[in-house]
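Commentary on secondary and tertiary structure
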Amino acid sequence: MAAMAAQPTETLRDLLEENDLPGLQSWLAEHPPYEIADELGRADAVHAVLLFRLLGKDRALTVFEELDPPDQQKVLEGLREPAFRDVVERMAPDDRARLLGEAPAKFARHVLAGLSARERRYTAALLGYPEHSVGRYMTPETVALRHHMSAAEALDVVRRKGADAETVYTLPVIDDRRYFLGTVSLRDLVLSAPDRPVAEIANADVPQVHATDDVEEAARLMQDTNVLALTVTDSENRVLGLLTFDDAFEVIEAADTEDFARQSASTPWAGHYMSASVVELARARAVWLLLLIVAATLTVNVLQLFEDTLASVTALALFIPLLVGTGGNAGAQAATAAVRALAVGEVRTKDVLRVAWRECRVGLVLGSMLAVVALVIGTLLVNITVAASVAVSLVAVCAWAATIGSTMPLLAKRVGIDPAVISAPLVTTLVDATGLIIYFLVARLVFGL
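One structure accompanies this document, and this report is about it.

**Quick look at the layout of surface pockets**
One number sums up the size of the second largest pocket: a volume of about 440 Å³. Together, 21 residues line the second largest pocket, and Y122, P140, E141, T142 and R178 are the ones closest to its centre. A per-class count over the lining of the second largest pocket returns 14 nonpolar, one polar and six charged.

**Here's the deal with the packing of helix 8 (residues 93-102) against helix 9 (residues 105-113)**
Relative to each other, helix 8 and helix 9 sit at 150°, their axes nearing to 8 Å. Relative to helix 9, helix 8 is oriented roughly antiparallel. For helix 8 against helix 9, the interelement crossing comes out left-handed. Here helix 8 contributes R96, L99 and L100 to the contact with helix 9, which in turn contributes F107, A108, V111 and L112.

**A few points about the nonpolar core**
One broad rule of soluble globular proteins: the nonpolar side chains tend to lie buried together. Ranked by size, the top nonpolar core spans 33 residues in total, and within it L40, F52, F64, V75, L76, L79 and F107 carry the most contacts. Among the elements that take part in this core, helix 4 (residues 45-53) stands out by supplying four residues, more than any other. Here L76 is in contact with F64, F84, V87, V88, L99 and F107, once residues within four sequence places are set aside.

**With respect to the packing of aromatic side chains**
Scanning the model with the defined rule gives three aromatic pairs in all. For the pair F84 and F107, a centre-to-centre distance of 6.1 Å together with 80° between the ring planes defines the contact as edge-to-face. In this pair, F84 is assigned in helix 7 (residues 81-90) and F107 in helix 9, connecting sequence segments 23 residues apart. Exposure class is identical for F84 and F107. Each is buried.

**Digging into the sheet that holds strand 5 (residues 229-233)**
With respect to topology, three strands assemble into an open sheet ordered 4-5-6, the strand pairing being mixed. Looking at strand neighbours, the two that pair on one side only are strand 4 (208-210) and strand 6 (239-244), the edges of this open sheet. Averaged over all pairs of adjacent strands, the angle between their axes in this sheet comes to 35°, without regard to strand direction. One ladder, built from three bridges, connects strand 4 with strand 5; its direction is parallel. Along strand 5, the bridge assignment pairs Q208 with T231.

Calculation rules
- Residues numbered from 1 in each chain as written.
- Predicted model: local features only at pLDDT ≥ 70, side-chain atom pairs only at ≥ 80, totals over all residues.
- Heavy atoms only, no water.
- 1 Å grid on protein atoms, 1.4 Å probe; cavity = no way out; pocket = protein on both sides within 12 Å on 5 of 7 lines; lining within 4 Å.
- Points joined across faces, edges and corners; volume = space filled by probe spheres on them.
- Nonpolar A, V, L, I, M, F, W, Y, C, P; charged D, E, K, R; others polar.
- Axes fitted to C-alpha atoms, helices over the stretch in contact; angles between N-to-C directions.
- Helix = DSSP H or I, 4+ residues; strand = E, 2+ residues; numbered from the N terminus.
- Parallel < 35°, antiparallel > 145°, perpendicular 65-115°, else oblique.
- Left-handed = near helix turned anticlockwise from the far one by under 90°.
- Contact = heavy atoms within 4.5 Å.
- Core = buried A, V, L, I, M, F, W, Y, C linked by side-chain atoms within 4.5 Å.
- Buried < 20%, exposed > 50% of the residue type's maximum accessible area, 1.4 Å probe, protein only.
- Phe/Tyr/Trp six-rings, centres within 6.5 Å; stacked < 30°, edge-to-face > 60°.
- Pairing = 2+ DSSP bridges.

Limitation: the analysis is restricted to geometry and does not speak to function.
Below, the structure is given as structure tokens:
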């Protein structure tokens, strides 16, 4: 199966190297837009533009909308002016706003200059909202229904205006001042009696968000409530647009990708991994590694502080890797669980004490299990006294690591820092140093040093 999956990519690469245009057109015709978009993301700028120009007009736009903003910019910068203007004009306003939000100012001005007055107005309005707000991601091209319409009149409006809207499956219902009253699904509208008023069909008990709300929270709300679209309103409850499920999915994916990168001590990078250069990938990881190596000097300082203890009982040094590794892993597990729970809304910052107490007990249970194993191994390898020091230390270190690992992300969130920044490697480094302190203090008590 793996060989079969790799074959299309290898075939495309061969066709590009041979500059086989008929073969490339045949390959593009045989593959769906999402696969073509993935290959454009992998390709360098020259080959990406070549592939894009071989696509038909409508298919090209479909593929273009599948690309991430950095890859969209890569393609656009290689197009000639007529093709450039055609693509940016036909983009959905919310997609265009996200593209320009991540692009250099010169490129953004070029795009805006090529737009019609209507599309420029839509785009400028979306760009006026904060970067991570719902307003940046909503579509203003919606079909809103007046509450006094009949079902037959509403369907006529959908037929007349639906072609210009991004979705017609969720339809906001408004009064004469555009105040939001609820939503009606296209299904309910079609199945209702023609003369039934829209106000009677509409569901008023639906979630809604404001344009200035955080878009990730709105996307998680959509995930929790299983709706296809969220109505977006202004501060006076007037309808501005819709946040659709495809945009919400991209927001969640981007947020999770960023969290994964930060939890692995890396700076998130934009664009396709295969198109990123070695220098870009190294730059994304270098800063965190430098910070972690500085933090790791704490461990060196602890070893220097307890140098006399190590000199008196050299066998203690044998179990330092075991203790450090176990404590670091326990802290990383707790930190990852906390970041994930925060992201999906299972815990809040006010739950910090409950989470700390919960994870402390988890650490005690895990530490006790591991202590039994360490006691047996330590006794066989060295002696019962050293083994007892290791066993007691494991219980304390696991409880401490789990507590610290789980509370640091929550505290970071409370003070306005991204919880993922308090990544597993950082927690591990801090737990290493404090775990050694616990180990040597326990050993001093056991040996009476």
